[in-house]
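If you want the building blocks of each chain, they are given just below.
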Amino acid sequence: MPETRRTVQVRVVAHTCDHCSPLAYELCASGGLLLVRRTDRSGGQPEIRETERLPDVRARRMWLDLLLGRAR
């Protein structure tokens, strides 16, 4: 989904290296839920996309799948 700016603040819990690739991911916490944020810096303007807000267990499973290359 496109970035919604639905919450005022998010806390980054974990992240991938944004120096190694123009594509970076962040696991973020906000309002008791987690989301995964993707930032693509391959074009002129960074494109930010976010997953829906998910309970901890589901979001961490998605995060692990992403890191292991199993996410779709």
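Note that the coordinates shown come from a computational prediction; the quantities given were computed from them, not determined experimentally.

Reading the values: the criteria
- Residues numbered from 1 in each chain as written.
- Predicted model: local features only at pLDDT ≥ 70, side-chain atom pairs only at ≥ 80, totals over all residues.
- Heavy atoms only, no water.
- Salt bridge = Lys/Arg side-chain N within 4 Å of Asp/Glu carboxyl O.
- Helix = DSSP H or I, 4+ residues; strand = E, 2+ residues; numbered from the N terminus.
- Buried < 20%, exposed > 50% of the residue type's maximum accessible area, 1.4 Å probe, protein only.
- Contact = heavy atoms within 4.5 Å.
- Pairing = 2+ DSSP bridges.
- Axes fitted to C-alpha atoms, helices over the stretch in contact; angles between N-to-C directions.

Draft legend 1. Spotlight on the pattern of salt bridges. All chains considered together, the criterion is met by five salt bridges. Between Arg60 and Asp56 there is a salt bridge, with the nearest N and O atoms lying 3.1 Å from each other. You can see Arg60 and its partner Asp56 sitting in helix 1 (residues 56-67), four residues apart, about one turn around the helix. Taking relative accessible area as the criterion, Asp56 reaches 37% and is therefore assigned partly exposed. Salt bridges linked by common partners bring Glu26, Arg37, Glu50 and Arg53 together as one network.

Draft legend 2. How the structure looks around the environment of Val10. For Val10, the location among the structural elements is in the segment before strand 1 (11-15). For the pair Val10 and Leu35, spaced 25 residues apart in sequence, the C-alpha separation works out to 9.3 Å. Filtering out sequence-adjacent residues up to four positions away, Val10 remains in contact with Cys28, Ala29, Ser30, Leu35 and Arg37.

Draft legend 3. Quick peek at the sheet that holds strand 4 (residues 47-50). Strand order in this open sheet of four strands is 1-2-3-4, and the pairing throughout is antiparallel. Each edge of the open sheet carries a strand with a single partner, namely strand 1 and strand 4. Across this sheet, the average inter-strand angle for adjacent strands is 30°, counted without regard to direction. The pairing of strand 3 (residues 33-40) with strand 4 spans four bridges and is classified as antiparallel. Residue Thr39 lies in a different strand from strand 4, and its bridge partner there is Ile48.

Honestly, it's all geometry; don't read function into it.
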